[in-house]
Amino acid sequence: MTQYAHGLKRVGFTSGFGVLAATLGSAVGLGNIWKFPYLTGANGGAGFLLVYLLATLLVGLPVMIAEITLGRVAKANPISTLQALAPRRQPWWLVGVAGMLAAFLILSFYSEVVAWVFAYVVKAARGSILSSDRQVTEAAFGALISDPLQSLLWQWGVLVFIGSILLLGVTKGIEALTKKLMPLLFLLLLLLCLVSLSLDKAADGLAFLFKPDFSKITASVVLTAMGLAFFKLSIGMGTMMTYGSYFRDEQNIPLTTFRVMTADLCVSMLAGIAIFPAVFSFGFEPAAGPALVFITIPAVFSQIPMGQWLMVVFFVLAAIAATGAMLSLMEVPVVILNERLGLSRPKATLLTLFLLVLVGSGCALSNSTLAHFKLFGLTLFDLFDFVSSNIILPAGGIFIALFVGWVWGIDKFRLALTNHSQLHNEKLVQAVFLLLRYISPLLILIVMLKGLNVF
Ligand code: TRP
């Protein structure tokens, strides 16, 4: 028997492949193409990658399984899910509230990066950025982000675009589109890898990406890597709980999760292999920060015939991947406002968009008008990024793990994960449960406290 927190049957994904594609659509995004390379570059390369992989396996995977499972059992938004599954008077639903806050923070800076991607589609078509000269590509990116009007208008454009998709109810269409186009993104990344690997200092780039220098792994590097693991898998704030609520009852959750994680890692690795050999060959700075991808990718495309048009295609595909991720992020506040406050879906969407324009503009202006407005030494863009990835998502992860491990308990967890004894994955269930009960929360806590310099 399935419990419905609202007594309603909800619409859900209709096929096993659809579930996989939608979940992957949330995970794969600018996190792979933009964030992964820039953080790996800024945090010393291979050592960071290694810690990120460990965090994904020991923390990311179990928390993702937990989230999807809770969502599927309760079939409701994150707040109602935790309220329905927790004993009376225990305020676990606050995790859902924190998740909604995180969604706004993430969307605020994410929409600005999507804005840069959109702007790059146009710039690429005009041919003004295609060059292997570092000064040219850096100047082009600098001109974009330091122009307040362009930054704002592109971001609002992105928000209106996403909003229209939601209001027209064509999210399904977008999911179908993503499903069809992602193999193309994969191929294009593969092509970029080949080009990048043929450059003269490719070996240096590969060494940077794959030969760990352990002296570079500090507590804050570990926290950043763990934050990336959460961000990449869209966990710690209710997105996966919400998607879990659309999962079919016969779906194999651990298997789906494992596939999503593997495919997601592959995309990130391809992005890394496309970028770092080029960084070293063309004399870019690996630690260039959020600009890294935008200044390096044009240089790689400048090396191939029809590079200009392939670059247009690349940024269009990146925009589509990012759209899937943004839709999944927006789904959290929209579903909460809809199911908890009783707003209609269109009203909930408009309210979310309105708030995003307000908060997001602060991030759009972080490299121009508001460049000197800093809190804790960070611009709003960096602050929202830092607080969401390194504090709210991991903290959410701790609570979700503890909730399953200590409150919900092994029996209900086993029943849900074995699809009521249909699947024979007992050992796996036990291992994941042990991770959730002891190891993941403890690891996250230690990494957070150390990384934030609490002790
Ligand atoms: N995982 C997406 C990416 O890498 C971003 C994303 C979508 C996300 N939904 C999320 C991050 C929920 C954190 C939480 O681009």
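First, a word on scope: everything that follows refers to the structure included in this document. All values reported here derive from a predicted model rather than from experimental measurement. All residue numbers here refer to positions counted from 1 along the written sequence of the relevant chain. Local features in this predicted model are restricted to residues of pLDDT 70 or higher, and side-chain atom pairs are both shown and tallied only at a pLDDT of 80 or more, whereas totals for entire chains, interfaces and linings draw on every residue. Side-chain descriptors were evaluated using all non-hydrogen atoms of the structure, hydrogens and water having been removed beforehand.

1. Considering the overall build of the chain
A tally of helices and strands in the chain yields 18 helices and 0 strands. Here the globule rule is a power law, 2.2 Å times the number of residues to the power 0.38, and the radius of gyration is based on C-alpha atoms. Whereas a compact globule of 455 residues would reach a radius of gyration of roughly 23 Å, the chain reaches 21 Å, a difference of no more than 12%. Reported as C-alpha extents along the three principal axes, the dimensions of the chain are approximately 60 × 45 × 45 Å. Any residue under 20% of the maximum accessible area for its type is buried, any over 50% is exposed, and the rest in between are partly exposed; the area is computed with a 1.4 Å probe on protein chains only. By residue count, 58% of the 455 residues in the chain fall in the buried class. For the chain, long-range pairs separated by at least 24 residues make up 82% of all intrachain contacts whose partners lie at least 6 apart in sequence. Two residue types count as positive, namely Lys and Arg, and two as negative, namely Asp and Glu; His and chain ends fall outside the count. Working definition for charges: the position is that of NZ of Lys, CZ of Arg, CG of Asp or CD of Glu. Between the mean site of the 28 positive side-chain charges and the mean site of the 19 negative ones, the chain shows a separation of 10 Å. Put simply, DSSP H or I for four residues or longer makes a helix, DSSP E for two residues or longer makes a strand, and each gets a number counted from the N terminus. Residues are treated as being in contact if the distance between any of their heavy atoms lies within 4.5 Å.

2. Focus on the site of the ligand
Whether a residue is near a molecule or strand depends on its heavy atoms: if one lies within 4 Å, it is near. Taken together, 16 residues sit near the ligand, with Ala27, Gly31, Tyr110, Phe231 and Lys232 positioned nearest. Polar contacts, as counted here, are pairs of nitrogen or oxygen atoms within 3.5 Å of one another; within protein the pair requires one atom able to donate a hydrogen and one able to accept it, and residues that are adjacent in sequence qualify only if both atoms are side-chain atoms. The separation between a nitrogen atom of the ligand and a polar main-chain atom of alanine 27 is 3.0 Å. Within the side chain of lysine 232, one N or O atom sits 2.5 Å away from an oxygen atom of the ligand. Cavity means a closed set of points on a 1 Å grid over the protein atoms alone, one where a 1.4 Å probe fits but cannot get out, pocket means an open set with protein on both sides within 12 Å along at least 5 of 7 lines, and lining means a residue has an atom within 4 Å of a point. Whether a molecule sits in a cavity or pocket is decided by its atoms, more than half of which must lie within 2 Å of the grid points. Because more than half of its atoms lie within 2 Å of the grid, the ligand is assigned to the largest cavity. Going through the elements one at a time, helix 1 (16–27), helix 2 (30–42), helix 5 (94–126), helix 10 (219–232) and helix 14 (307–341) are the ones with two or more residues in the shell around the ligand. In terms of residue count, helix 14 provides more of the shell around the ligand than any other element does, 3 residues in total.

3. With respect to a nonpolar patch on the surface
Think of a patch as exposed residues, more than 30% relative accessible area, with no salt bridge, where like charges cluster within 9 Å and nonpolar side chains (Val, Leu, Ile, Met, Phe, Trp, Tyr) cluster within 5 Å. Calculation of accessible area relied on Shrake-Rupley with a 1.4 Å probe; when residues are assessed, cover is drawn exclusively from the protein chains displayed. Salt bridges are defined by distance alone: a side-chain nitrogen of Lys or Arg within 4 Å of a carboxyl oxygen of Asp or Glu. A cluster of nonpolar residues, Leu50, Leu54, Leu57, Leu58, Phe214, Trp406, Leu434, Tyr438, Ile439 and Leu443, forms a patch on the protein surface that exposes about 940 Å² of accessible area. Sorting the residues of the nonpolar patch by element identifies helix 3 (46–74) and helix 18 (426–451) as the ones contributing at least two each. Here leucine 58 is to be found in helix 3.

4. Here's the deal with the nonpolar core
As used in this record, nonpolar core signifies buried Ala, Val, Leu, Ile, Met, Phe, Trp, Tyr and Cys residues forming a set joined through side-chain atoms within 4.5 Å. One finds Phe314 and Phe413 to be the most contacted residues of the largest nonpolar core, which totals 159 residues. The residues touching phenylalanine 314, leaving out its near neighbours within four places in the chain, are Ile33, Leu185, Leu188, Leu189, Leu192, Ile297 and Phe301.

5. Thoughts on the pattern of salt bridges
Per the counting criterion, the structure on display carries 9 salt bridges. Of the charged contacts, one joins aspartate 249 and lysine 75 as a salt bridge, the two residues approaching to 3.1 Å between their closest N and O atoms. With a gap of 174 residues between them, aspartate 249 in the loop between helix 11 (239–244) and helix 12 (253–281) and lysine 75 in the loop between helix 3 and helix 4 (78–85) connect regions that are remote in the sequence. On the basis of relative accessibility, which here comes to 36%, the residue aspartate 249 falls in the partly exposed class. Its relative accessible area of 8% is what places lysine 75 among the buried residues. Of the charged contacts, one joins lysine 216 and aspartate 213 as a salt bridge, the two residues approaching to 3.8 Å between their closest N and O atoms. Judged by relative accessible area, which is 39%, lysine 216 ranks as partly exposed. Owing to a relative accessible area of 30%, aspartate 213 belongs among the partly exposed residues under this scheme. The network of salt bridges with shared partners includes Asp411, Arg414 and Glu426.

6. Some details on empty space enclosed by the protein
Where empty space is left in the structure can be found by rolling a water-sized probe over the atoms. Grid points are joined across faces, edges and corners, and a volume is the space filled by probe spheres set on the points. Overall, the coordinates contain 2 cavities of 30 Å³ or more when judged by the stated rule. Every residue lining the largest cavity is counted, 18 residues in all, and those nearest its centre are Ser26, Ile106, Phe231, Ser234 and Leu329. Among the secondary structure elements, those contributing two or more residues to the lining of the largest cavity are helix 1, helix 2, helix 5, helix 10 and helix 14. Any residue that is not Ala, Val, Leu, Ile, Met, Phe, Trp, Tyr, Cys, Pro, Asp, Glu, Lys or Arg is counted as polar, Gly included; the first ten are nonpolar and the last four charged. Per-class residue counts for the lining of the largest cavity are 11 nonpolar, 6 polar and 1 charged. What the second largest cavity holds in volume is close to 40 Å³. The wall of the second largest cavity is formed by Leu30, Ile33, Trp34, Val117, Val293, Phe294, Phe314, Phe315 and Ala318. Contributions of two or more residues to the lining of the second largest cavity are made by helix 2, helix 13 (292–301) and helix 14.

7. Quick word on helix 13
For helix 13, the buried fraction is high: 10 of the 10 residues fall into the buried class. For helix 13, the set of buried residues is Leu292, Val293, Phe294, Ile295, Thr296, Ile297, Pro298, Ala299, Val300 and Phe301.

8. Points about the side chain of threonine 69
In this fold, threonine 69 is placed in helix 3. Accessibility expressed as a relative area gives 1% for threonine 69, which makes it buried.

9. A closer look at the packing of helix 15 (residues 345–364) against helix 16 (residues 380–408)
Orientation of helix 15 relative to helix 16, taken along the N-to-C sense of each, is 115°, at an axis distance of 7 Å. On the basis of their axis angle, the class for helix 15 and helix 16 is roughly perpendicular. Contacts from Val359, Gly362 and Cys363 of helix 15 reach helix 16 at Leu380, Phe381 and Phe384. A class-by-class count of the residues in the contact of helix 15 with helix 16 yields 5 nonpolar, 1 polar and no charged. Axis definition: a line fitted to C-alpha atoms, over the contacting stretch in the case of helices. Angles run 0 to 180 degrees between N-to-C directions. Our angle categories are set so that under 35 degrees counts as roughly parallel, over 145 as roughly antiparallel, 65 to 115 as roughly perpendicular, and the remainder as oblique.

10. Re the packing of helix 4 against helix 5
Closest axis-to-axis distance for the helix 4/helix 5 pair is 7 Å, and the angle between their directions is 170°. As far as their axial angle goes, helix 5 and helix 4 are roughly antiparallel. Residues Pro78, Ile79 and Leu82 of helix 4 form the contact with helix 5, whose own contacting residues are Val95, Gly96 and Val97. Classifying every residue of the contact of helix 4 with helix 5 by side-chain character gives 5 nonpolar, 1 polar and no charged.

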